[in-house]
Amino acid sequence: MHILVINGPNLNMLGIREPDIYGKNTYADLCSLIETKAKEIGVTVELFQSNHEGSIVDKIQESYQKADGIVINPAAYTHTSVAILDALKAVAIPTCEVHISDVDAREEFRRISYVGLYAEKKFAGYGFDGYLMAMEYLKEKYA
Ligand code: CA2
């Protein structure tokens, strides 16, 4: 099984600012956790981060008939991007939405998720563990 993990804008800044919300570990730490988990559960993983909506759409399109599952934290695009929603629908790959923080307990606008209209499962508020939970979920259900 091959899983594509996508992180959206500013998540490359993890650990640098707002440690009270997003923790003090870095994006590199997150990548190594995900890679370790992938080995442990016997899946291959590709990690992708971009600050650009179109690049995320391109990456999702490229994964058509290549990835068996997608784990995506679209960051701010969660709350705005119909383009990312449409790309996910177009490739029709099983998808989990992840948020480091508990988006439903924050500002009102963070409760809106366009990606959530396609993603079959959401893990929010579990910190980095949410990504690992999403990988396990996809492996259990689709491998
Ligand atoms: O909780 C999450 O994972 C979010 O997807 C993170 C997004 C936010 O817009 C979503 O509502 C919830 C923001 C990511 C910004 O990451 C930063 C990292 C370090 C310093 C500042 C921002």
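Higher on the page you've got the structure.
Conventions adopted
- Residues numbered from 1 in each chain as written.
- Predicted model: local features only at pLDDT ≥ 70, side-chain atom pairs only at ≥ 80, totals over all residues.
- Heavy atoms only, no water.
- Axes fitted to C-alpha atoms, helices over the stretch in contact; angles between N-to-C directions.
- Helix = DSSP H or I, 4+ residues; strand = E, 2+ residues; numbered from the N terminus.
- Parallel < 35°, antiparallel > 145°, perpendicular 65-115°, else oblique.
- Contact = heavy atoms within 4.5 Å.
- Nonpolar A, V, L, I, M, F, W, Y, C, P; charged D, E, K, R; others polar.
- Buried < 20%, exposed > 50% of the residue type's maximum accessible area, 1.4 Å probe, protein only.
- Pairing = 2+ DSSP bridges.
- Polar contact = N/O pair within 3.5 Å; in protein donor to acceptor, adjacent residues only side chain to side chain.
- Near = heavy atom within 4 Å.
- Core = buried A, V, L, I, M, F, W, Y, C linked by side-chain atoms within 4.5 Å.

Let us now look at the packing of helix α3 (residues 53-62) against helix α4 (residues 82-91). Taken N-terminus to C-terminus, the directions of α3 and α4 make an angle of 5°; their axes are 9 Å apart at the nearest point. On the basis of the axis angle, α3 is roughly parallel to α4. In this structure, α3 contributes Glu 53, Ile 56, Val 57, Ile 60 and Gln 61 to the contact, and α4 contributes Ala 83, Ile 84, Ala 87, Leu 88 and Val 91. Class assignment for the residues of the contact of α3 with α4 results in 8 nonpolar, 1 polar and 1 charged.

Within strand β1 (residues 2-7), 5 of the 6 residues are buried, which leaves the element mostly enclosed by the surrounding structure. Across 6 bridges, β1 lies against strand β2 (residues 44-49) in parallel orientation. Paired with Leu 4 across the two strands is Glu 46, which belongs to β2. Direction of pairing for β1 relative to strand β3 (residues 69-73): parallel, over a ladder of 5 bridges. Looking at β3, one finds that Asn 7 is bridged to Asn 73.

Position of Gln 49 relative to the elements: it lies in strand β2. For the pair Gln 49 and Glu 136, spaced 87 residues apart in sequence, the C-alpha to C-alpha distance is 21 Å. Look past the residues within four positions of Gln 49 in its chain and what remains in contact with it is Asn 7, Gly 8, Pro 9, Asn 10, Leu 11, Asn 12 and Tyr 27. A distance of 3.1 Å separates a polar side-chain atom of Gln 49 from the backbone oxygen of Gly 8. A polar contact of 3.0 Å, which involves the side chain of Gln 49, links it to the side chain of Asn 51.

Moving on: the site of the ligand. As a matter of local geometry, the ligand sits amid 17 residues, with Asn 73, His 79, Ile 100, Ser 101 and Arg 110 nearest to it. Here an oxygen atom of the ligand and a side-chain polar atom of His 99 are 2.9 Å apart. Within the contact set of the ligand, an oxygen atom lies 2.6 Å away from a side-chain nitrogen or oxygen of Ser 101. Of the residues that constitute the shell around the ligand, the class distribution is 9 nonpolar, 5 polar and 3 charged.

Excluding glycine, residues mostly have negative phi values, and the peptide bonds linking residues are mostly trans. Even without being glycine, Glu 18 reaches a positive phi, approximately 50°. When you line up the elements, Glu 18 lands in the loop between β1 and α1 (19-22). Residue Glu 18 is classed as partly exposed on the basis of its relative accessible area, which comes to 36%. Positive phi values are uncommon outside glycine, yet Gln 65 reaches one of about 60°. Structurally, the position occupied by Gln 65 is in the loop between α3 and β3.

Below, the discussion takes up the nonpolar core. When a protein is soluble and globular, its nonpolar side chains tend to lie buried together. Within the largest apolar cluster, 23 residues are counted, with the highest numbers of intra-cluster contacts made by Ile 3, Leu 30, Ile 34, Val 71, Tyr 131 and Met 135. Of all the elements in the fold, those that place two or more residues in this core are β1, α2 (27-41), β4 (95-99) and α5 (129-142). If you look at the next biggest cluster of nonpolar residues, it comprises 17 residues, including Leu 4, Phe 48, Ile 84 and Val 91.

Reading across the sheet, the 5 strands line up as β2-β1-β3-β4-β5 and stay open at both edges, with parallel pairing between neighbours. Each having just a single partner strand, β2 and β5 (121-124) make up the two edges of the open sheet. Sheet twist, expressed as the average angle between the axes of neighbouring strands with direction ignored, equals 20°. Where α2 meets the sheet, its contacts fall on β1 and β2, and the angle it forms with β2 comes to roughly 165°.

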